[in-house]
Each structure stands twice: as C-alpha cells, then as structure tokens.
Amino acid sequence: MDIINVALDSLVSAMILILTPEVFLFLGMGVVLGLSVGIFPGLGGIAGLSLMLPFIFGLDPIIGLALMIGLIAVVPTSDTFASVLMGIPGSSSSQATVLDGFPMSKQGHAARALSAAFASSLFGGLVGALFLTLFILVARPIVLEFQSPELLMVSIFGLSMVGILAGKIPLKGVAAAGLGIMVASIGEGPFNGELRLVSYEVPYLLDGFKLVIVGLGIFAIPEIVALLRKGGSISERSPLGSGWLIGIKDWWTNRWLSIRCSIIGVLVGVIPGLGGSVVDWIAYGHSIQTTTDKSKFGKGEIRGVIAPESANNAKEGGGLVPTLLFGIPGSGSMAIFIGALALLGSGELEVGQSMLTDNLDYTYGIVWLLAIANVIGTALCIVLAPQIARLTSIPFVLVAPFVFMIITFAAFQSGQDVLDLAALFCIGILGILMKRFDWSRPAFLIGFVLANPVENFSNNAYQIAGIRFDDSLAKGLDYLFGPIVITIAVITIISIVVGVRQAKFIQPEGELATGTKRAPFKFILTLIAFTGIFLFNIGSIPDYAWTDAVFPFAIGCTVLVILLYLMIQMMLKPESDPLFVDGEIQSTQDHERPLWSTIGWFIALLLGTVIAGFIISLSVFLTCFFRLRAELTWPRTLFMSACGICFMVFMGWMLNREFPGGLLQYYVALPWPLR
C-alpha cells in the first residue's frame, strides 16, 4: 500500500511539475523538431537528439526533458511519411510499414494508410506510457536491490542483445559493439589517469570523443550523403488522396491487433538494444499469422500498416525502462538520451536507482510528457500531412547543405574546438563505411555509451568482491552470484541462443547486394589494424595502473579474435555469402553520384573553416554548392546562400554561441560573427 501511495504522490507531483506554459512550449518545440527530422529517411531520433545536445546544457531539467521527449515520441510517427510516400523506411523500425503502406500509396490510398498508421502510433504510444507507469510501480522495490554485480550483468545482457540482433552475421554486431567500447575508451583512464591511445601532444582527445560528435557522425552524415547521392526529391509523390476517416475506421476494426502489437512493442522495447531493429518485423509477422487471408499482404493490406506502427511507438515506452532504471540504452536514441540527462540543470538527474528514489517525480514526469507528446505529435501529423507531403517533393540537393551546416555548427558547440569538425568528419567516414558493409551502427553507438558504466561496474564489483572474499569464501560468492545475477545470466544465455537463430531475418540497413571480396576484406583489415594498435597501446600501460588497462584490453582481445575469425571466413567463403555485403554495388547499379565527389563538398567546408573560419567558408560553400551542384540561377543561388548565413548568424546570436575560427583570425582582427 505504501508503494502505491508513493507512486500516486509522485504522479501528482509530476503533473504539477509539467503543467506550466514553458514546459508545454518546449514540448511543442521538441515535437516540431521530431516531425522535421522524421521526414528525412534514416535520420530519426538519434540524429535529432544529437543535434539537441549542445543546446540543452544547463537547461532546467523538466524543460530539457520536455524538449527531448517531444522529439523521441513523434519521430516514430513522422517517419511513416517516408515509408508510405517514398517506399523508403523512415528509420530502422519502420521497414515493415513499407511493405503495405507504399503499395497503398501507389494505389491512391496514401491518406488512408497514413491515418491508420497515425491512429495506431497514438494508441501504441499511450500503451507504452501506461506500461512504463505500471512497470516503475511494480519493479521499483526490486531495482533498488541492484548492486554492481547485478548492474554489470544487465549491461552484459544489453551488449549481447544489441550485438547478436544486429544483422545476418551476429559476430559483426558483437564486434561493432566492441569497437564502440574501444573508441569510448580513448583518453585518460578513469581510475589512474593513464593515457589510452592519445598523448599530451594531442590534448584534444584527453577527455575522449564527445557523444554528440559520435551520434551525428555515425548516423546523420551517412544518411545525408546517401540521400544527396541519389539526387531528386525526398519523395516523388505529393497527392494523398482521400480516406482519412476510412483509415481511422480501419484501426478501430483492427483494434485488438493494435492492442496485441502494442504489447509486443513494449516487451521488445524492454530488451536493451533490441527495440527498433526487429519490433516492426515481429509485429508484422504476428499480423500475418493471425489473418485468414494472407494473399493481400505486400499488396496494400491495411493490417500490415497497423501492426508495425502500433508496436513501433509502443517500444519507446518499453525502451525507457532499461534506460531510466539501469542506465542501459533500450535503443540508439536512448543511448543519446542517457548522455543528454547529464547535461540538464546542474547534473542532478542520473539514470539508475536515483531516478526511483531522489527523482521519482521527474521519472513520472517523463511518463506524462510521453503520453502528451504522442497526442500532440499525432494531431500535428494529421493536420499538416498535406503540407508535409508537398515539402517532401523539394529536391534534396536544396536541403542537404542546410542540414550539414546545422550539424557542423552543433558538433562545434560540443567542445568549442575546430578539431571537433575533424572528429566529426572521421567518425562520419566510419559511419559511411559501416553502413556500406552492413556493420550495425546502433550496436557501435550503444557500445560507446555503455563503455564507461560497464567499466565502472566491473571495477566496483571486483573491489567489493575482494573485500568480501577476504572475510570468507561464502560472502564473496553470495555477493557475485546472487539470485538476480543468476536469473539475468540465464536470460542472457537463452536470449543469445534465440537471437542467433533469428539474426538471419534482421536487416538493419535493408536488403543489400553482395559484391566482390576486395572492399569488405580491406575494411576488416583496417579494423584489425586499429584493434592491434589499440591493444599495443593499452599493453604499454604500467602494471601499477592495471585497472585502467584490464577492461579495454579484454574488450580489444575479444574484438580482435572475432575480426580474425571473420577474416578467415572471408578467405574460405564465396563472394555470394552475406559476409561480402556491399551497399556500393546497389549505388552503382542505380547510377548514383560517386561517393567521394559528394563527400568532397563537405571536406571543402571543413578545410575552409580551418583556414578562414566557419562563416566565411560557409558563404563560399553555399554559393558554390547551389550554383555548381544544384545548378541554380545566380539570383536563386545568392538568395539561398544569404538565407543560410542569416539563419546561422541568428542561431549564434540567440544562443550566444561562437563560430569556429580559422587561421585567418591570427592575422586579421575580424568582427563577430566572422570570428
């Protein structure tokens, strides 16, 4: 009874906390940003939250939460536009929607498909919020019993799932997660301050890579480059037709399917790292299994839209469970969310047990915000659907330079160092190559985020276990192998076995063609070389500082063994094997623009920034891009370039931010905003 009273008091406190005009204003801003990001295929919540990170530092916690939850809630709804209108998954969790949503669009029933999808998304989002409320109520006493061994075991469970369930080759997913941990380990060690893969001569990386740079580089840069290479508009279809009310009636007719798939969504979302990779396919498969006439699926069956969209939004509520309670990301966007929480206020919000003790009102505030954001987001999607459909017909070549401009500005704000832009470019190249060769980018990002807590949990468990073992063997074993640890270990083993069997059905980057052995082999050789250098550097750490070396060394050795095994498999297997997936083959067949000539535009912007500063180089970049690449007339070129510069200057002035300076600043005293 006391538990219920505490929960009810916290729910009321949370409602009072969010019922202010300012909170609703920022919630609306987050919803609009999520709606804007969701239109672009592939960007999704990870890129959107990464863009937010530099600008939420120091915000009041409830205002920052409103901004982020607004985006997180609406992206799984707004990415439906790309799936239905374009036939391209708006994100990894909306792949199944394409199978029936796009055929309906081609048949003139886009409005019906979209309205059914939005109704399903709203219902799924509300189910997710309700589940999060009930789970916190029930699980709170259990979670408060978790110590370092239990938290370490949950982390291992999350890493195993995100690694295994990342594609047709499970070991590639495990290796990708390990690589993310290795990249996160670069910098000063957390216990003795020993340097790992960095020197005092290059102080930039002493604190490691910034999360905003990794998030934008791994996800946003590859998608922008891919869309720009395709050319054309975001979508070639703008008319939606009629049928808005019919779509809502379709949802009501299939409400029990929506309920079942929403429950599937929250249950899958609870499993760390699994979320968006498979939830839509599981729900889609369930809809086929429970339908008598299966012949319409893939040809415009409305149940094929309702099922994945219900599960898609419901998973966000489920994904917040491991994120808030254990600090284990439920998905790639939740990985960014964890990093963002630490930037709010004075750092009083920290995922884990404190969210259930000291900050329970904020935890339930997230629940309320999630429910309200789903309602607002769905309403906006319905009201603005005709306008959004027309916006998607804008040639992407006119949008790409503005998107990259904002990403570059956001990356610089993370550390106020021009080397932030160099780091963004390097991580972006890695993201492009991982996307090309079908290496799980969510696994890499979640590994990056989990690196620090897993290392801390491991060290704490080791230190405390040593003290317990000094007392007696029984005390040490009781501490390390408690009932919760054993239960999670059993669940982990079962999940890995099931995951390995199901991995062949998962396609994080969609269906990709296999190519020759040469390119994938060169990529894996590069990863092996990096891992070897990493291990050599970690091995040089003195023995007295072994605590800074043991964790990254163990991860590096594991990754090296996996990579060597994959390399041997490449030598033995034919080129038709999934090991040799190469997205560049499909790009060549579709006559897309060359990769490096596209990247060259962005390299020119970065180099120009180093030489002359951001605003000057951006002016030249926009003018050249619109005139030469977009082939606009001079008046339109100058107008578009001026709009971009004015927007950037306004952003810098409003947020009181500096722009990256160049070598020119050392010789010429330039006024703001040129400095």
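Each value, and the rule that gives it
- Residues numbered from 1 in each chain as written.
- Predicted model: local features only at pLDDT ≥ 70, side-chain atom pairs only at ≥ 80, totals over all residues.
- Heavy atoms only, no water.
- Helix = DSSP H or I, 4+ residues; strand = E, 2+ residues; numbered from the N terminus.
- Buried < 20%, exposed > 50% of the residue type's maximum accessible area, 1.4 Å probe, protein only.
- Contact = heavy atoms within 4.5 Å.
- Phe/Tyr/Trp six-rings, centres within 6.5 Å; stacked < 30°, edge-to-face > 60°.
- Axes fitted to C-alpha atoms, helices over the stretch in contact; angles between N-to-C directions.
- Parallel < 35°, antiparallel > 145°, perpendicular 65-115°, else oblique.
- Left-handed = near helix turned anticlockwise from the far one by under 90°.
- Nonpolar A, V, L, I, M, F, W, Y, C, P; charged D, E, K, R; others polar.
- Salt bridge = Lys/Arg side-chain N within 4 Å of Asp/Glu carboxyl O.

Colleague: What exactly am I supposed to notice about the side chain of Asp-250 here?
Modeller: Mapped onto the elements, Asp-250 comes out in helix H11 (residues 244-253). With a relative accessible area of 11%, Asp-250 lands in the buried category. Apart from residues no more than four positions distant in its own chain, Asp-250 is found in contact with Arg-112, Ile-302 and Ile-306.

Colleague: What exactly am I supposed to notice about the packing of aromatic side chains here?
Modeller: Think of a pair of aromatic rings as described by two things: how far the centres are apart, and how the planes are tilted against each other in angle. Scanning the model with the defined rule gives 16 aromatic pairs in all. Arranged with centres 4.0 Å apart and planes meeting at 25 degrees, the rings of Phe-404 and Phe-602 form a pair that is stacked. Remark: Phe-602 occurs in helix H26 (residues 595-612) and Phe-404 occurs in helix H18 (residues 396-413); sequence separation between them is 198 residues. Assessed through its relative accessible area of 3%, Phe-404 is described here as buried. On the basis of relative accessibility, which here comes to 3%, the residue Phe-602 falls in the buried class. Here Trp-601 and Phe-625 contribute two aromatic rings whose centre-to-centre distance is 5.1 Å and whose plane-to-plane angle is 75 degrees, an arrangement assigned as edge-to-face. In this pair, Trp-601 sits in helix H26 while Phe-625 sits in helix H27 (residues 614-629), placing the two residues 24 residues apart along the sequence. Residue Trp-601 is classed as partly exposed on the basis of its relative accessible area of 21%.

Colleague: What should I look at first to understand the environment of Phe-553 in this one?
Modeller: Note on placement: Phe-553 falls in helix H24 (residues 550-572). With 22 residues separating them along the chain, Phe-553 and Thr-531 place their C-alpha atoms 10.0 Å apart. Contact partners of Phe-553, with chain neighbours within four places excluded, come to Leu-535 and Ile-538.

Colleague: Help me understand the packing of H18 against helix H19 (residues 419-436), please; the structure alone is not making it clear to me.
Modeller: To characterise two packed helices, one gives the angle between the axes of the helices and the distance between these axes. At their nearest, the axes of H18 and H19 sit 8 Å apart, and the two run at 120 degrees to each other. Viewed along their axes, H18 and H19 adopt a mutual orientation that is oblique. Pair H18 / H19 crosses with right-handed handedness. Listed contacts from H19 to Ile-407, Thr-408, Ala-411 and Phe-412 of H18 are Asp-420, Leu-421 and Leu-424. For the contact of H18 with H19, a count of residues per class yields five nonpolar, one polar and one charged.

Colleague: When you look at the pattern of salt bridges in this model, what are you seeing that I'm missing?
Modeller: If the charged atoms of two oppositely charged side chains come close together, the side chains can form a pair. Using the criterion set out here, one finds five salt bridges in the structure. Close ionic contact of Asp-250 with Arg-112 constitutes a salt bridge, the shortest N to O distance being 2.5 Å. Taken together, the residues Asp-250 in helix H11 and Arg-112 in helix H7 (residues 110-143) connect sequence positions 138 residues apart. The salt bridge partner of Lys-573 is Asp-577, with a shortest N-O separation of 3.9 Å.

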